[in-house]
Amino acid sequence: QVQLVESGGGLVQPGGSLRLSCAASGLTFTNYAMNWYRQGPGKERELVAAITRLGGSTNYADSVKGRSTISRDNVKNTVYLQMYSLKPEDTAVYYCNAHRVLGLGPMDYWGKGTLVTVSS
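A quick note: this is a predicted structure, and the numbers were derived from the prediction, not measured.

Chemist: Help me understand the environment of Pro14, please; the structure alone is not making it clear to me.
Modeler: Among the structural elements, Pro14 can be located in the loop between strand 2 (10-12) and strand 3 (18-25). What makes Pro14 partly exposed here is its relative accessible area of 39%.

Chemist: How should I be thinking about the nonpolar core in this particular structure?
Modeler: Side chains that are nonpolar tend, in soluble globular proteins, to be buried together. Residues Met34, Trp36, Val79, Leu81 and Tyr94 are the most contacted members of the largest nonpolar core, which totals 27 residues. When contributions to this core are tallied by element, the ones reaching two or more residues are strand 3, strand 4 (32-39), strand 5 (46-51), strand 8 (78-83), strand 9 (92-100) and strand 11 (114-118). Those residues in contact with Met34, other than ones at most four positions away along the chain, are Leu4, Cys22, Phe29, Ala49, Ala50, Ile51, Ile70, Arg72, Val79, Cys96, Asn97 and Ala98.

Chemist: How should I be thinking about the side chain of Asp90 in this particular structure?
Modeler: Checked against the element boundaries, Asp90 lands in the loop between strand 8 and strand 9. Overall, the relative accessible area of 0% leaves Asp90 in the buried class.

Chemist: In this structure, what is going on with the state of the cysteines? I would like to understand it.
Modeler: What makes a disulfide is a covalent bond joining the sulfur atoms belonging to two cysteines. Following the criterion strictly, the structure yields 1 disulfide and no others. What pairs with Cys22 in a disulfide is Cys96, and their sulfur atoms sit 2.1 Å apart. An S-S torsion of about -80° defines the bridge between Cys22 and Cys96 as left-handed. Of this pair, Cys22 sits in strand 3 while Cys96 is found in strand 9, placing the two residues 74 residues apart along the sequence.

Rules of the game
- Residues numbered from 1 in each chain as written.
- Predicted model: local features only at pLDDT ≥ 70, side-chain atom pairs only at ≥ 80, totals over all residues.
- Heavy atoms only, no water.
- Helix = DSSP H or I, 4+ residues; strand = E, 2+ residues; numbered from the N terminus.
- Buried < 20%, exposed > 50% of the residue type's maximum accessible area, 1.4 Å probe, protein only.
- Core = buried A, V, L, I, M, F, W, Y, C linked by side-chain atoms within 4.5 Å.
- Contact = heavy atoms within 4.5 Å.
- Disulfide = S-S within 2.5 Å.

Set out below in structure tokens:
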């Protein structure tokens, strides 16, 4: 059974930082590109950051570029999102997504999300 479990969310003040983690199990982790999405109050889900299966390439939404770093540990089967200089508009539920790029099986798996609230 595939599981993606996010952690690290919480309440943070504007200008603060935090690191989200997503631990994956039940899949061949290196067959999957990993993505972080978020959905803010009253907003559609948006892609925040992406990393290729071996970690050689990353991409970021303009809204977080320069303030975020996505990384992965293919030994620990974990992907991270380090966020800096947080703003109130970063408030959202952050979801981890595994997108298959090799092998067979479902294309996408999702975690249940972790809430990040940026507020003073």
